[in-house]
Amino acid sequence: MMVDPTLAEMGKNLNEAMKILEDGRNASDPDADRRQFSRSSIPGPLQGDGQDVASILQLVQNLMHEDEEEDKPSHRRMQNVGEQGHMALLGHSLAAYISVLDRERLRKLITRIASDTTLWLCRLFRYESGSAYYHEDDREGLLKVCRLVINTRYEDYSTEGYTVLNSRQPVIYQSATCRPGLGQHLCSQLALPLSSLCTVPCNTMFGSQHQMDIALLDKLIREDVETGKLPLLLIANAGTPGAGHTDKLGRLKELCEQYGMWLHIEGVNLATLALWEVSSPVTAATRSDSMTLTLGPWLGLPAVPAVTLYRHEDPALSLAAGLTSSQPVEKLRALPLWLSLQYLGQDGIVEKIRHAVELSQQLLEKLKTLASIKTSVEDELNSPVVVFRFSQETSAESSGASVEGYFAGEREVLDSLNRWLCERLAQMVPASGVDIVELEDEGTCVRFTPLMTAAALGTQRCDVDLLVERLTELVPVLNCTLRLRLDFREEVYRHSALSYIEDLNWPGLGAVRYEPRVEELTDTKRKLEVEKINSELLVKLGELDADLIFSTGLEFGPEKDCIFIGMATVDLDVAELVDTIAALGRDIEENGRLLENMTEVVRKGIQEAELQLQKDNQDKLMEEGVLRQIPLVGSVLNWFSPFQSTVKGRTFNLAAGSLDSTEPTYSMKAQTGGLASPETPTSSAKRLPGQRLFRREGAGGSDSHSETSSVGQAEDFSRERFPQPTTPSPVPDEAVSVVPESPETPQVPAEPEPTQENCEVGTQEEERQPDGQDAPVEETGR
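On a predicted model such as this, the values are computed, not experimentally measured, just so you know.

Reading guide: rules and limits
The residue numbers shown here count from 1 along each chain, following its written sequence. Only residues with pLDDT of 70 or above have their local features reported here, since the model is predicted, and side-chain atom pairs are shown and tallied only from 80 upward, although totals for entire chains, interfaces and linings are computed over all residues. For side-chain calculations, the full set of non-hydrogen atoms in the structure is used, while hydrogens and water are omitted. Numbered from the N terminus, helices here are DSSP runs of H or I no shorter than four residues, and strands are runs of E no shorter than two. Each residue's exposure class comes from its accessible area (1.4 Å probe, protein chains only) as a fraction of the maximum for that residue type: buried when under 20%, exposed when over 50%, partly exposed otherwise. Whether two residues are in contact is decided by their heavy atoms: any pair within 4.5 Å suffices. Surface accessibility in these figures is a Shrake-Rupley result with a 1.4 Å probe; residues are shielded only by whichever protein chains are displayed. Between the N-to-C directions of two axes lies an angle of 0 to 180 degrees, each axis being a line fitted to C-alpha atoms and, for a helix, fitted only over the stretch in contact. Note: crossing handedness is left-handed where the near helix turns anticlockwise from the far helix by less than a right angle, and right-handed where it turns clockwise. When residues are grouped by polarity, Ala, Val, Leu, Ile, Met, Phe, Trp, Tyr, Cys and Pro land in nonpolar, Asp, Glu, Lys and Arg in charged, and all others, Gly among them, in polar. Two strands make a pair as long as DSSP finds a minimum of two bridges between them. Salt bridges are counted wherever a side-chain nitrogen of Lys or Arg sits within 4 Å of a carboxyl oxygen of Asp or Glu. Each pair of aromatic rings taken from Phe, Tyr and Trp, with Trp reduced to its six-membered ring, is defined by centres within 6.5 Å and is described as stacked if the planes are under 30 degrees apart, edge-to-face if over 60, and tilted in the remaining cases. Working rule for helices: expected span equals 1.5 Å times residues minus one. Geometric relationships in this document are graded by angle, where less than 35 degrees denotes roughly parallel, more than 145 denotes roughly antiparallel, 65 to 115 denotes roughly perpendicular, and other angles denote oblique. A patch is a set of surface residues, each over 30% in relative accessible area and not in a salt bridge, joined within 9 Å for like charges and within 5 Å for the nonpolar side chains Val, Leu, Ile, Met, Phe, Trp and Tyr.

Student: In this structure, what is going on with the overall build of the protein chain? I would like to understand it.
Tutor: Each helix and strand counted, the protein chain has 22 helices and 18 strands in total. Counting every position in the protein chain, which comprises 782 residues, the buried fraction comes to 44%. Residue pairs in contact within the protein chain that sit at least 24 positions apart in sequence constitute 73% of those at least 6 positions apart. About 42,100 Å² of surface is accessible on the protein chain, with carbon and sulfur atoms providing 52% of the total.

Student: Is there a simple way to explain the packing of helix α5 (residues 103-124) against helix α14 (residues 335-367) in this structure?
Tutor: Helix-helix packing is characterised by the crossing angle of the two axes and by the distance between the axes. The N-to-C vectors of α5 and α14 enclose an angle of 35°; their axes lie 10 Å apart at closest approach. Crossing of α5 over α14 shows left-handed handedness. Contact residues: I113, D116, T117, W120, L121 and L124 in α5; L335, L337, W338, L341, Q342, Q346 and I349 in α14. Of the residues belonging to the contact of α5 with α14, the class tally is nine nonpolar, three polar and one charged.

Student: Explain the sheet that holds strand β4 (residues 230-237) here, please?
Tutor: Where strands meet in a sheet, backbone hydrogen bonds hold them as pairs that are either parallel or antiparallel. Reading across the sheet, the seven strands line up as β1-β7-β6-β5-β4-β2-β3 and stay open at both edges, with mixed pairing between neighbours. Two strands lie at the open edges of the sheet, namely β1 (131-135) and β3 (197-200), each paired on one side alone. The average angle at which neighbouring strand axes cross in this sheet is 20°, direction not considered. In the sheet, strand β2 (residues 170-175) pairs with β4 via five bridges, with the strands oriented parallel. Bridged to I172 within β4 is L233.

Student: Help me out: how do you make sense of the pattern of salt bridges in this one?
Tutor: When the charged atoms of two side chains lie near each other, side chains of opposite charge can form a pair. Counted according to the given criterion, the structure contains 19 salt bridges. The partner of E515 in a salt bridge is R513, with the nearest N and O atoms 3.9 Å apart. Under the relative-accessibility criterion, R513 is labelled buried at 15%. Here the salt bridges share partners, and the residues they tie into one network are D138, R179 and E266.

Student: For this particular structure, what's the right way to read the packing of aromatic side chains?
Tutor: When we look at a pair of aromatic rings, we describe it by the centre distance and by the angle of the planes. The full count for this structure, using the stated rule, is four aromatic pairs. Between the aromatic rings of F125 and W298, the centroid separation amounts to 6.1 Å while the plane-to-plane angle is 55°, which identifies the pairing as tilted. Here W298 lies in helix α12 (residues 295-299) and F125 lies in the loop between α5 and β1, a separation of 173 residues in the sequence. On the basis of relative accessibility, which here comes to 2%, the residue W298 falls in the buried class. Between Y493 and Y500, the aromatic rings sit 6.0 Å apart at their centres with planes inclined by 70°, giving edge-to-face as the arrangement.

Student: Which parts of the structure should I look at to understand helix α6 (residues 140-153)?
Tutor: Helical geometry: 3.6 residues make up each α-helical turn, so side chains three or four residues apart lie on a common side. Under the 1.5 Å per step criterion, the end-to-end length of α6 is 20 Å for 14 residues, consistent within 8% with the ideal 20 Å. Of all 14 residues in α6, ten are buried, a share of seventy percent or more. Restricting attention to buried positions, one finds in α6 the residues G141, L142, L143, K144, V145, C146, L148, V149, I150 and N151.

Student: Can you help me understand the packing of helix α15 (residues 410-428) against helix α17 (residues 461-493) in this one?
Tutor: Two numbers describe how α15 lies on α17: the axes approach to 10 Å, and their chain directions differ by 150°. With respect to each other, α15 and α17 are oriented roughly antiparallel. Between α15 and α17 lies a crossing of right-handed hand. Note on element contacts: α17 touches α15 through L467, R470, L471, L474, V477, L478, T481, L482 and R485, opposite V413, L414, L417, W420, L421, R424, L425 and M428. Residue classes in the contact of α15 with α17 are distributed as 13 nonpolar, one polar and three charged.

Student: Even after reading the chapter, I still don't get the side chain of T272, so can you show me in this structure?
Tutor: Tracing the backbone shows T272 in the loop between β5 (262-266) and α11 (280-283). Residue classification places T272 among the buried positions, given a relative accessible area of 6%.

Student: Got a minute to help me understand a nonpolar patch on the surface in this structure?
Tutor: Together, I630, L632, V633 and V636 give the surface a local cluster of nonpolar side chains, amounting to about 350 Å² of exposed area. With respect to the element layout, V636 can be found in helix α20 (residues 631-640). The class for V636 is partly exposed, based on a relative accessible area of 43%.

Written as C-alpha cells, this is what we have:
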C-alpha cells in the first residue's frame, strides 16, 4: 500500500507536538523553560537562522501556562483531547496541505469530503434531502439562511437591493428565551431596523413558562400582515439556552406553513435526534426548513465547525446567500468533521450522546430525594438538561412555617446563595461542568448540561454521585445561613456601636460595621477612624479559632469599611458572635484612643514634673543650707551630721495622667494604681477542650464538617487560637518614678527577717528602692 510521505510526516509531527503540549516540561528541570521564557517574555527581533519545531512548540506551551501558579490549585476546566480530538486537529493540518494540490485533484477531493459529511449528518439526525453549510460562528448559519429567505421572498432583491424591502417590511420572530443578542446581530448584519425584530413572549397561563406562546404568536403575525408587513422567518428552540425546554415545534411548523414563513430551529436537544428513541417534541424538528448543529461540544471535538442543515431547491439562490461557495478552499471546512465522524463511527457518536442523557437522568433521580432542592425540567424521562436551585420552602424548618414573604428581598438573597452554591460545586467537582444560569421566573439556578460539557471534561457517573454528595453537605449550610440572617440582624441592632449593613447580594450571614462612639469627630476624621477600626477588627476576627470566614465582601460591592460574615454552621451561636465583634471593636477603639492621647498626656506630665522638680530643689536648698551644697564641705558635714530631707519623690501614672507622691509606695511597700482593665468577654471559659468559638453548648464536636467559604474563596484562612482570658492580676499599672536630685547619702538597706510572710515583700522592696532614698525599716516587734 502506497503511503504519501508528506502525510506520514504530518501525522508524526502532530503526535510529537501533542506530546510536547500535553506532557509538560522537561523531566530534568521542570522550571528551566519557565525561567527561560520569563527572561525573554518581551519579544525581540526574529532570529536570522530561525528556530526548530521543538523550540517553537515549547514557546507555545509556555505561553499557554504562563499565568498558572505552582502553589495554587487550579479549578479550570481543561478539555480532554483524546484520539478523536487529534483527528480533528489533524484535519486542519490536512486542509492546509490539500489546498496546494492541483485544481482538478482538489475539486474531486473536496466534493467527496463535502458530500460524504452532508450525507452522514442528514442520516444521523434524520434530516432527509438536506444540504449543509459549515461555519465557525454558530450564528453565521442562521444569518445565511435569512439572506436565502430574503432572496426567495423578494425576487428583485438581487438587482434592487435593500430598496425592495420598503414595499413590505420583513419581520423576523424569535422567542423571548432565545440567545441574548441573536436578533440584534441578525438585524445589524442584514441592515434591517430593529422594528423588523419581533420577540414573542413565553406562556404565562398554560404550558411551560420557557416555551413560546403560540396563540400570542398567531396574533402578532396577523397584526403584521394587516399592517402590510411580511412575516419572514421564525426562530424556535429545541432546548432553550437557559432551561433546556423545547418549543411546540409541530404546532409552530403548521403556523409557518399557514403564513408562508421559514422555520429555523436550534438548541442542545437536537443532539437526541441521533438516538434510537427520541421524544416526540424534538422529532418535529426534522420537518423544519433549517436547523443548526454544534457537534464540537456534543462529541468533544476541538475546533470543528458548526453545521446548518437546510432544504432548498434553487442552488443559485443558495449561492447568492453564501450557503454554497465556488471557492474550493472554503469547502475544506468540513475536513476536520469528516475525519472525526469516520473515527467515531455511528455507534461511537450515539454512545456519547446517550451517555450524556443518562448522566442527566441520574442526577435528576438523585435530586428528587433532596427536600431543599427544586428542579426545573421539562421532560423528566428524556431531558438532557437539568436545572436546579436551593429552594426557600425548607428555610424555616425550625418554626414549621412557610417562608413565603420570609423577609424583604428574599429573592435576591436566595439568588446570592444559589450563586455561591454553584461556585462551590464547580470547585469541588470540576468534572461536573455545572454553571450558573439566570432565569426570569426562577431566578439564579445551577445548570447541569452534560451534552455540552461531558465529552470535553470526561464526566462519568461517579462524578454525578460526587456532585450529589457535595450538594448534600452544602444544603444544611444554606438552610442555617438563611435561617440565622434575621437573628444576626436583630443581635446587631442590640448593640449601639454596631451598624447592620443590608447587602442582599452577599452569600453569607450578613455584614456589620463598628461605629466609633466619639461624636465630636468631623466627617473626614470619622471616616478614617471607621476604616482603621474595622480593618483591625477584621484582622482580629480572622485570627479567632472559629468556623466562620470574615472578609471585606464582594470585590466590586457597594459597601466599604465593613465586615462580612460568611456562611453559618449548624451550631452557630449568633449572640456570642455579635457580642465578640462588639467587644473586640470596643477594645480596638479604646486602645487607639489611648495611644492617640498618650503623646499629649506624657507632654503635660513632663512639664508638670519639671515644675515640681524645680520647686522641690528650691525647698531642699532652703532646708539643707548653702554649706551642704559645697562639694567637699558638704560631704564632711553630711558625715558628721546626716540630714534627713522632707522632700518626697514623685511618680507619673500613665493610665491616669497624673503626678503623684511616692510616699504611699514606701509606706505600703507596693505600688498603688487603678484596677486592671477587664478582659474581652467571651465564652472561652465555657468551651470544652477542642471546641471552637461561637458554638452552642451541646453541639457536635470540633471535628464536625462545615463549609463556610465565601464567594471567590476556595480555601479557609489559617487561624491562630483565640487566647484564653485570665484572672486580673493584682499587679497595678506601670508607673514612672520621678525623684529630686540630692547629693549622695549613705544608705542603710533594710533586711527583714527571712520569714515566710515577709521574705517576698523584702525582695520586692529591694528591687523597687530608688537611688538617693533611705530605705524604711519595717518594725517586726522582735
